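# Observations on chain architecture
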Amino acid sequence: MLPLTAADDQLKRVSLLAPTGTAADLDRSLGGLDGKPLGRCRDLLGVYDLGTCTLSIDDLPGDPAAFGVIRVEVKQKRAQVPAAFFSTPERRRACEDYLARQVAKAVAELAPDGRERRPAGTLSIGALGQHILERTVLRVSDERVLARLAMRLPTKGERLVAGSAADLLLRQIPGLMERSVTVDALADGALRRHVSVVEDQENLRARLEGNGLVAFIANGAVLARQPDGSDLPLDRERRLEFRSPDRLKFTLNAPNWGAVMGMGVPLGVTVVVGGVQQGKSTLLEALQQGVYDHVPGDGRDRVLTVRNAVRVSAEPGRSVRQVDLSPFVSSLPGGHPPSSYDTDCAPKSLSQAVGLMEALEMGATALLIDEDTSAVGFLHRDARTQQLVSREHQSLIPLVEQAHLLYTELGVSTIVVASSPGDYLDAADTVIMMQDSCPLEVTSRARTIAAAMPNRRQPEVRRPAYRPQARQPLRETVPAAGEKIEVQTEGGRARWLRVGEEVVDLRCLGPLLEPSTAVALGYALQRLKTEYLDGTRNLPEALSMLELDLDRFGLELLCAQAGDTLPALSRPRMLDVGAVLNRLPSLRVVVEERVQ
């Protein structure tokens, strides 16, 4: 491992902001800048003791449309956030998430001074979705609560309105912190509930596989989201609460909730069937999101999926670097070996096989597959097609041939959603039928049908499900630190990531990726290049070391050189970091000798 820099080492130390001025000093400086161009306001940069809090003005761009960066610190002597609420990594994440949401709520309630028609500034702590993630926008420690906010000063044209700026900086910001992070604001028990929910989700998720489960959905969960495409649950009068079928009923015991009853999805191969608009894809999307903790009341805070579950979809046109497709492909055009598939533009079926093999390489333990986002040829091939197209011209071996091998040989479970799953009934360990958004366990019935109507398809050439391959990404083909990171969003969700000249489609990671997580993915790529891709480590090893250092030093490690102008980041899964790296058009790899 390359040595951590001095800046990295500082991340582990919690140092209080050291004021260089007082509230009176800031007021005088603002008065002297009244009516001046915003470019002059960089004179305000510094740290100010405002009495109830300390304000650090870290960056003020000259463009009135651009956001600057401030930090606001409340010492624990005043905040008095009980240490029990951040005594473990899970509790700390939950506590910080709750306090960040309190700050966001207080910011939303700010309004211009009604006594005078003056321009108002803008504050933002960033978009906080339904997931409870580690974030850089708020940190809590034994010494302080620190919030990082984006800010636009009040202007008229491109000139500062000092009176409004003083109101924002000297009155509104201290007030919103008092209403958000101090003990008086936390007296209703909501923080305790927030922490308890995360503690229980983490506890139960960690015990799924030990109980023979790949996922669990508690009775009373709400899976469906708002029809406007948001991540919020349906309104109470329209929502349908989940109920487990008797044959899949399972009870887990949580530290705070106690006994929780719901549907356990067993390890192995599970097929979810049903007609159109019956809730199949809604169920799979909830399971995909079950790798994350959710806020209380989201409806999915008791939907739990093993941590390393990955959704695998077709991605026609994606780039691929030296991926072993031999478990799924017997031959490639031009005589190229399927054991080292490499292309700048993969076709639909092969792209899905690539995504599956990459997920296995990075340690995925469950695969989530929806027929609607899959290549039909990758999922199955019926008997009539086998008769029509001779075997020597059927180079792609469908997943239906490999799903059970993936579990028996590797312990990797598969959940497949399909409207016409006939070929999968022989391979399925569990069959769930969705009917009017309600799950029915129909495994015995499916087996009876399969026995009465034998499958006429012939087994394809059976190959080992997976032979471990270790690819070493070449450092020089990964974007360098300092290259600009941009995220394109749609409906508040990240869709594309640009790092320097490299552009990656993020839709492969799921429909609800937060922009701050996408930004963190960009910085993670740069950090991998700087510290971990040293020519000796394969991708899983590099990702494992990055994750260990994030646990030690915090998410700030990803862009330590940014200093006080740290961007808003949310912590991604290492599986997602690897997925983005694999899709870099510039990526080149060296393939290690196979592990026997």
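Heads up: the structure comes first, above all this text.
Quick summary incoming for the structure in this document. (Residues numbered from 1 in each chain as written. Predicted model: local features only at pLDDT ≥ 70, side-chain atom pairs only at ≥ 80, totals over all residues. Heavy atoms only, no water.)

## Considerations on the packing of aromatic side chains
Per the stated rule, a full pass over the model turns up one aromatic pair. Directly above the aromatic system of Trp257 lies the positively charged group of Arg302, at a separation of 4.1 Å from the ring centroid. (Phe/Tyr/Trp six-rings, centres within 6.5 Å; stacked < 30°, edge-to-face > 60°. Lys NZ or Arg CZ within 6 Å of the ring centre and 35° of its normal.)

## Description of helix α11 (residues 399-410)
Residues lying three or four places apart along an α-helix face the same way, a consequence of the helix completing one turn every 3.6 residues. Along α11, the residues that are buried comprise Leu399, Val400, Glu401, Gln402, Ala403, Leu405 and Leu406. Just past α11, the residue Gly411 takes up positive phi, approximately 75°. (Buried < 20%, exposed > 50% of the residue type's maximum accessible area, 1.4 Å probe, protein only. Helix = DSSP H or I, 4+ residues; strand = E, 2+ residues; numbered from the N terminus.)

## Here's the deal with the nonpolar core
Within the largest apolar cluster, 85 residues are counted, with the highest numbers of intra-cluster contacts made by Leu325, Phe328, Leu356, Leu399, Leu506, Leu528 and Leu558. The greatest single-element share of this core, amounting to nine residues, is contributed by helix α13 (residues 515-532). Residues contacting Leu356, with those up to four places away along its chain left out, are Val312, Phe328, Leu367, Phe378 and Leu399. Counting residues in hydrophobic clusters, the runner-up holds 53 residues, among them Leu60, Ile70, Val72 and Leu169. (Core = buried A, V, L, I, M, F, W, Y, C linked by side-chain atoms within 4.5 Å. Contact = heavy atoms within 4.5 Å.)

## As for the environment of Ser124
Take Ser124: it is sitting in strand β5 (residues 122-124). When the C-alpha atoms of Ser124 and Phe67 are compared, they prove to be 9.0 Å apart, with 57 residues separating the residues in sequence. Within the structure, Ser124 has its side chain in polar contact with the backbone nitrogen of Gly126 (distance 3.0 Å). (Polar contact = N/O pair within 3.5 Å; in protein donor to acceptor, adjacent residues only side chain to side chain.)

## Quick notes on the sheet that holds strand β14 (residues 303-305)
Ordered by their spatial adjacency, four strands build an open sheet running β11-β12-β10-β14, and the pairing between neighbours is antiparallel. A single partner strand is all that each edge strand has here, and the edge strands are β11 (249-254) and β14. Ignoring which end each strand starts from, the neighbouring axes of this sheet average 35° apart. Pairing of β11 with strand β12 (residues 258-266) involves six bridges; the strand directions are antiparallel. Counted as the bridge partner of Lys249 is Met263 from β12. Contacting β11 and β14, helix α6 (residues 190-206) crosses the sheet at an angle of about 125° to β11. (Pairing = 2+ DSSP bridges. Axes fitted to C-alpha atoms, helices over the stretch in contact; angles between N-to-C directions.)

## Observations regarding the sheet that holds strand β24 (residues 493-499)
The strand order β23-β24-β25 describes an open sheet built from three strands, whose pairing is antiparallel. Where the open sheet ends on each side, the last strands, each with one partner, are β23 (485-490) and β25 (502-505). In this sheet, adjacent strand axes meet at a mean angle of 25° when their direction is disregarded. Bridge analysis of β23 against β24 gives six bridges, and the strand direction is antiparallel. Residue pairing for β24: Gln488 is matched across the bridge by Trp496.

## Side note on the packing of helix α2 (residues 23-32) against helix α5 (residues 162-181)
Packing of α2 against α5 brings their axes to within 9 Å, and their N-to-C directions diverge by 160°. Taken together, the axes of α2 and α5 are roughly antiparallel relative to one another. The chirality of how α2 crosses α5 is right-handed. On the side of α2, the interface is formed by Ala23, Leu26, Asp27, Leu30 and Gly31, while α5 contributes Ala162, Ala165, Ala166, Leu169 and Leu170. (Parallel < 35°, antiparallel > 145°, perpendicular 65-115°, else oblique. Left-handed = near helix turned anticlockwise from the far one by under 90°.)

## Re the packing of helix α14 (residues 539-553) against helix α15 (residues 574-582)
Between α14 and α15, the shortest axis-to-axis distance is 10 Å and the interhelical angle comes to 135°. It follows that α14 is oblique to α15 by the angle criterion. When the axes of α14 and α15 are compared, the crossing they make is right-handed. For the pair α14 and α15, the contacting residues are Leu539, Leu543, Leu546, Glu547 and Leu550 in the first and Met574, Val577, Gly578, Leu581 and Asn582 in the second. Residues that form the contact of α14 with α15 fall into these classes: seven nonpolar, two polar and one charged. (Nonpolar A, V, L, I, M, F, W, Y, C, P; charged D, E, K, R; others polar.)

## Remarks on unusual backbone geometry
Leave glycine aside and you will find that most residues have negative phi; peptide bonds, for their part, are mostly trans. In this structure, Gln80 takes a positive phi of about 60° despite not being glycine. Mapped onto the secondary structure, Gln80 falls in the loop between α3 (76-79) and α4 (89-109). Phi is positive for Gln322, close to 50°, though the residue is something other than glycine. Tracing the sequence through the fold places Gln322 in strand β16 (residues 320-323).

## Considerations on the pattern of salt bridges
Where charged atoms from two side chains of opposite charge come close, those side chains can pair. By the definition in use, this model includes 43 salt bridges. Two residues, Arg144 and Glu73, come together in a salt bridge whose shortest N-O distance is 3.0 Å. Taken as a pair, Arg144 in strand β7 (residues 144-152) and Glu73 in strand β4 (residues 68-75) lie far apart in primary sequence, 71 residues in all. On the basis of relative accessibility, which here comes to 12%, the residue Arg144 falls in the buried class. Taking the relative accessible area as the measure of exposure, Glu73 reaches 1% and is therefore buried. For Glu199, the salt bridge is made with Arg91, and the minimal N-O distance between the two is 2.8 Å. Of the two residues, Glu199 sits in helix α6 while Arg91 sits in helix α4, which places them 108 residues apart along the sequence. Classification of Arg91 as partly exposed rests on a relative accessible area of 23%. (Salt bridge = Lys/Arg side-chain N within 4 Å of Asp/Glu carboxyl O.)

## Focus: the layout of surface pockets
Estimates place the volume of the second largest pocket at around 1,100 Å³. Lining the second largest pocket we find 43 residues, and of these Val519, Tyr523, Leu566, Pro567 and Ala568 sit closest to its centre. By residue number, the principal contributor to the lining of the second largest pocket is α13, which donates eight residues. In terms of residue class, the lining of the second largest pocket is made up of 23 nonpolar, twelve polar and eight charged. (1 Å grid on protein atoms, 1.4 Å probe; cavity = no way out; pocket = protein on both sides within 12 Å on 5 of 7 lines; lining within 4 Å. Points joined across faces, edges and corners; volume = space filled by probe spheres on them.)

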